[in-house]
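Architecture at a glance
The residues making up each chain are set out below.
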Amino acid sequence: MRKLGLFLAASTFMTSTAVAEELKRVATVPLGAEITGLFMRGDDLFFNVQHPSDDLLSEFAKASVGVISNADYDAAESALPSSDEEKQGVMSSLGEYQILFQEGAFGGKLASISGKGGEIKVSNDPDFNAFIPTSANEGYLFTNWEDRPGGMSRVKLTRAADGKWTAHEDDAVMLDFSSVGGTWVNCFGTLSPWNTPLTSEELYFDDTADWNNPEYKYISDVEVLANYKGEYANPYDYGFIVEITDPLETATPVKQFAMGRFSHENTVVMPDRKTAYLSDDGSGVVFFKFIADNAGDLSSGTLYAAKITQLGEPGADAATTQLQISWIELAHGTNEAIHRWVRQYDGISQDDFKAGETNYISDEEVAAWAQGEAKDDRAAFLESRKAAAAKGATAEFRKMEGVNINLNAAADGSVPFMYMAMSEVNKTMSDTEGDIQLADNNCGVVYEMKLDANYNAHKMVPAVAGGPYDKNNEANSCATGNISNPDNLVILDDGRVLIGEDTGSHENNALWLWTRPDQQS
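Rules used in this analysis
Residues numbered from 1 in each chain as written. Predicted model: local features only at pLDDT ≥ 70, side-chain atom pairs only at ≥ 80, totals over all residues. Heavy atoms only, no water. Helix = DSSP H or I, 4+ residues; strand = E, 2+ residues; numbered from the N terminus. Rg over C-alpha atoms; globule rule 2.2 N^0.38 Å. Buried < 20%, exposed > 50% of the residue type's maximum accessible area, 1.4 Å probe, protein only. Areas by Shrake-Rupley, 256 points an atom, 1.4 Å probe, with all protein chains shown as cover. Lys, Arg positive; Asp, Glu negative; His and termini not counted. Charge placed at Lys NZ, Arg CZ, Asp CG, Glu CD. Pairing = 2+ DSSP bridges. Axes fitted to C-alpha atoms, helices over the stretch in contact; angles between N-to-C directions. Polar contact = N/O pair within 3.5 Å; in protein donor to acceptor, adjacent residues only side chain to side chain. Contact = heavy atoms within 4.5 Å. Core = buried A, V, L, I, M, F, W, Y, C linked by side-chain atoms within 4.5 Å. Disulfide = S-S within 2.5 Å.

Our focus in this paragraph is the overall build of the protein. Counting secondary structure elements, the protein contains eight helices and 30 strands. Its C-alpha atoms give the protein a radius of gyration of 22 Å, within 12% of the compact-globule value 24 Å for 521 residues. Its C-alpha atoms give the protein principal-axis dimensions of about 60 × 55 × 50 Å. A burial count over the protein gives 61% of its 521 residues as buried. Put simply, the protein shows about 19100 Å² of open surface, and 45% of that area lies on carbon and sulfur atoms. Positive and negative side-chain charges in the protein, numbering 39 and 80 respectively, have mean positions lying 3 Å apart.

Set out below in structure tokens:
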């Protein structure tokens, strides 16, 4: 990103892209805005209007967190906005979108990210939402604010009998992440099976060696962290899944080091409460799996990375080509041990940088680990992407976004599928090297993965593919009757999939509802 039924599948895979009857546009958001924070509570659908255009004249000129109550998923398709007024608002056939709160709400408290020097910024990037009920009609909404440093708000909500929600200013806070050194780009996430928010640090940082390089083009982001902390930050404190423990009380953040360090888009924990899948956002990235030692405890376990075999010739159509998965074990780790390794890199600053050298884990150290010559497994957990590649995993995915299941339906076997959004299939997925050599699909693909009885995934099957693509159509270079750059995913109880867009290839980003072919009436 910027910067959950009831059937048993007759087939374990599909071989073609979705046809129009399987895909229905159900909402659009204002110009410049992205759809984030998809979360379902009963029939109510929460989602956000992230970073809308600055020059909007409507109430959506500010980033908004909102909800459609009693969403009607059987309603007709939502039309494309045509007038200037329609393009500046939320349109949906699911029902009326209610703004719950916006950036800077409650006297500037909401989305304000502060450090030792005071307020650093007010974010306009609401992302992941998770609602945790405290009774039938009230609870707390947790919302990521996707920035550098990142943030998360917790707001008490109550729901009236008619479906209208109320946000309570007197019980709205920004969580304190100072105990873990702050967070970096809190992106998508999920609610764990034990009802704790799992927020993702999307560490857009290609090479740790540049973390203290004064000439690095993104060094200003690191310097903002120094402002937050009051000292130069340790890069190995960032790039993790952060679990919000005791969310309704102290809401203590815990960085789950054993789940690996990379550009986390999100993680989803399976019904066994041990197996988790993790998506990695960027170019040349890796699909990870984690198996915890103990159910409901993510602090120790074994990290795996996917090795892909393309079931098609080089240059094959991404819309129809399946990807076989095998899993390579990287290492077993515990938060305690990894945290000790992290602390060994404290106190390093730009003053310590020397061109051609690194103050952090070197590529040579990663290679030595992969060959079994390292004294410990720090490379697997602190440089997880490089470590996976060195062990032979596939480090070629491009813009890997949300990965999700319907927890209850996966548990009872009625919807035994996991889905992943690949925002774009190009660059490292479409070159002439490595394990994945597909034809370009600049509009993206949503993949379906059948889960076995132990919640293992063995194959990625294209379910919905965007396009066609027309680079000469400036407003809508991806066809408007199809997805463009899928991002957030949520799976309904009946197995239908909601797909939110993060694209510059649709004038107005859209929310789509996809139905598997074997569900068609």
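Moving on: the sheet that holds strand β12 (residues 165-174). Taking strand neighbours across the sheet as the criterion, the four strands line up as β9-β10-β11-β12 in an open arrangement whose pairing is antiparallel. The outermost strands of the open sheet, each flanked by one partner alone, are β9 (126-135) and β12. When strand polarity is set aside, the average angle formed by the axes of neighbouring strands in this sheet is 25 degrees. Looking at chain direction, β9 and strand β10 (residues 138-145) are connected through seven bridges and run antiparallel. Paired with P126 across the strands is W145, a residue of β10.

Bridge count for strand β7 (residues 112-115) against strand β8 (residues 118-122) is four bridges, and the pairing is antiparallel. Looking across to β8, one finds that S114 is bridged to E119. Hairpin remark: β7 followed by β8, antiparallel, with two residues in the connecting loop.

Right, let's get into the side chain of N406. Its location among the elements puts N406 in the loop between β24 (400-404) and α8 (407-412). At 3.1 Å, the side chain of N406 forms a polar contact with the backbone oxygen of I491.

Looking now at the environment of T309. Structurally, the position occupied by T309 is in strand β21 (residues 297-310). Owing to a relative accessible area of 43%, T309 belongs among the partly exposed residues under this scheme. Contacts of T309, omitting those with residues within four sequence positions, involve Q322, L323 and Q324.

Right, let's get into the sheet that holds strand β22 (residues 323-334). Spatially, β17-β18-β20-β21-β22-β27-β26-β25-β24 is the arrangement adopted by the nine strands of the open sheet, whose pairing is antiparallel. Either end of the sheet is taken by a strand with one partner, and the two such strands are β17 (264-269) and β24. If you compare each strand with its neighbour and ignore which way they point, the axes differ by 30 degrees on average. As paired strands, β22 and strand β27 (residues 459-465) are joined by two bridges and run antiparallel to one another. Its bridge partner being in β27, L323 is matched across the sheet by M460. In this fold helix α4 (residues 335-343) packs onto β21 and β22, with an angle of close to 75 degrees to the strand it touches most, β22.

Turning to the nonpolar core, a few remarks are in order. Counting 52 residues, the largest nonpolar core has W184, W211, F288, F290 and L330 as the members making the most contacts within it. Not counting residues within four places of it along the chain, the set of residues in contact with F290 comprises A258, M259, K274, T275, A276, L278, L298, S300, G301, T302 and L303. Of all hydrophobic cores here, the second largest spans 33 residues; its members include Y277, V403, V425 and Y447.

We now examine the state of the cysteines. Disulfide: a covalent bond formed between the sulfur atoms of two cysteine residues. On inspection of all chains with the given rule, the structure shows one disulfide. Between the sulfur atoms of C443 and its disulfide mate C478 the distance is 2.0 Å. Across the S-S bond linking C443 and C478, the dihedral sits near -100 degrees, which makes this disulfide left-handed. Of this pair, C443 sits in the loop between β25 (417-422) and β26 (445-450) while C478 sits in the loop between β27 and β28 (486-491), and the two are 35 residues apart along the sequence. Accessibility assignment for this pair places C443 and C478 in one class, buried.

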